[in-house]
Amino acid sequence: QVSQNELDWFHQDSEAQMKKWQQEKKENRESLKALKGTAKKHSDTNERYLKTIDEKEKQYNATLNIFLETSNKFANEKGKLEELIKKSQDESQECERRAVKAEV
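Residues numbered from 1 in each chain as written. Predicted model: local features only at pLDDT ≥ 70, side-chain atom pairs only at ≥ 80, totals over all residues. Heavy atoms only, no water.

## Thoughts on the overall build of the protein
This is how it is decided: Strands are runs of DSSP state E lasting at least 2 residues, helices are runs of H or I lasting at least 4, and numbering of each runs from the N terminus. Within these notes, the globule rule equals 2.2 Å times the number of residues to the 0.38 power, and the radius of gyration is based on C-alpha atoms. Under the scheme applied here, a residue whose accessible area is under 20% of the maximum for its type counts as buried, over 50% as exposed, and between as partly exposed, the area being computed with a 1.4 Å probe on protein chains only. Using a 1.4 Å probe, accessible areas were evaluated by the Shrake-Rupley method; residue-level cover was limited to the displayed protein chains. Only four residue types enter the tally: Lys and Arg on the positive side, Asp and Glu on the negative side; His and the chain ends are excluded. Charge positions come from single atoms, namely NZ of Lys, CZ of Arg, CG of Asp or CD of Glu.
Within the protein, the secondary structure is distributed over one helix and zero strands. The C-alpha atoms of the protein give a radius of gyration of 44 Å, which is well past the 13 Å a tight globule of 104 residues would have. The C-alpha extent of the protein, read off along each of the three principal axes, is 145 × 20 × 10 Å. Residues classed as buried in the protein amount to 0% of the 104 residues present. Accessible area for the protein stands at about 10,200 Å²; split by element, carbon and sulfur atoms hold 55% of it. Looking at charge distribution, the protein has the averaged site of its 21 positive side-chain charges lying 4 Å from that of its 21 negative ones.

Okay, here's the thing in C-alpha cells:
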C-alpha cells in the first residue's frame, strides 16, 4: 500500500510536471510566434526604408547632376565675362593713353 501511494504520488508529480512542461511549450510557441511577427514587421519596415533611401539617393544624384551642370555653365559664363571685362579695361586704358597723347 505504501508503494502504491508512492506510485500514485509519482504519477501525480509526473502529470503535474508534464502539464507544466506542456504549458511552457505552449507559452514558448506563442512567444516564438510573436517574435516571428515582430521580426517580420521589422524586416518589412527595413525594406521600406531601403526603398525610400534608394529613391532619395536617385533624386539627390539627379539634383546634384543638374546643379553641377548649371554650376559649370555659370562658371564658363563668368570666365567669358571676366575676359570681356579685362579686354574692356585694356581697351579703356589704351584709349586713356591715346587721349593723354592727344592732349600733349
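## Here we look at the pattern of salt bridges
Stated precisely, the cut-off is as follows: The salt bridge criterion pairs a side-chain nitrogen of Lys or Arg with a carboxyl oxygen of Asp or Glu, the two atoms within 4 Å.
The tally for this structure, following the rule as stated, stands at four salt bridges. Among the ionic pairs, Lys40 bridges to Asp44, the shortest N-O distance being 3.1 Å. Separated by four residues within a single helix, Lys40 and Asp44 lie in helix H1 (residues 2-103), roughly one turn from each other. Between Lys78 and Glu82 there is a salt bridge, with its nearest N and O atoms 4.0 Å apart. With a gap of four residues between them, Lys78 and Glu82 both fall in helix H1, about one helical turn apart. Residue classification places Lys78 among the exposed residues on the basis of a relative accessible area of 51%.

## Thoughts on a nonpolar patch on the surface
Put simply, the rule reads: Each patch is assembled from residues with relative accessible area greater than 30% and no salt bridge, linking like charges that lie within 9 Å and nonpolar side chains (Val, Leu, Ile, Met, Phe, Trp, Tyr) that lie within 5 Å.
Residues Tyr49, Leu50 and Ile53 make up a contiguous nonpolar surface patch of roughly 320 Å² in combined accessible area. Positionally, Leu50 belongs in helix H1. By relative accessible area, which is 40% here, Leu50 ends up partly exposed.

## Some remarks on the UniProt feature "domain: TTC3/DZIP3-like helical" (unreviewed entry) in the protein
The cut-off we apply is this: UniProt positions are given in the numbering used here, feature names are shortened, and annotations may be inferred rather than shown by experiment.
Listed under "domain: TTC3/DZIP3-like helical" (unreviewed entry) in the UniProt record, and renumbered for this structure, are residues 1-104. The span residues 1-104 shows a helical share of 98% and a strand share of 0%, and its end C-alpha atoms are spaced 147 Å apart.

## Overview of the environment of Lys58
Along the chain, Lys58 falls in helix H1. Overall, the relative accessible area of 62% leaves Lys58 in the exposed class. Separated by ten residues in sequence, Lys58 and Leu68 place their C-alpha atoms 15 Å apart.

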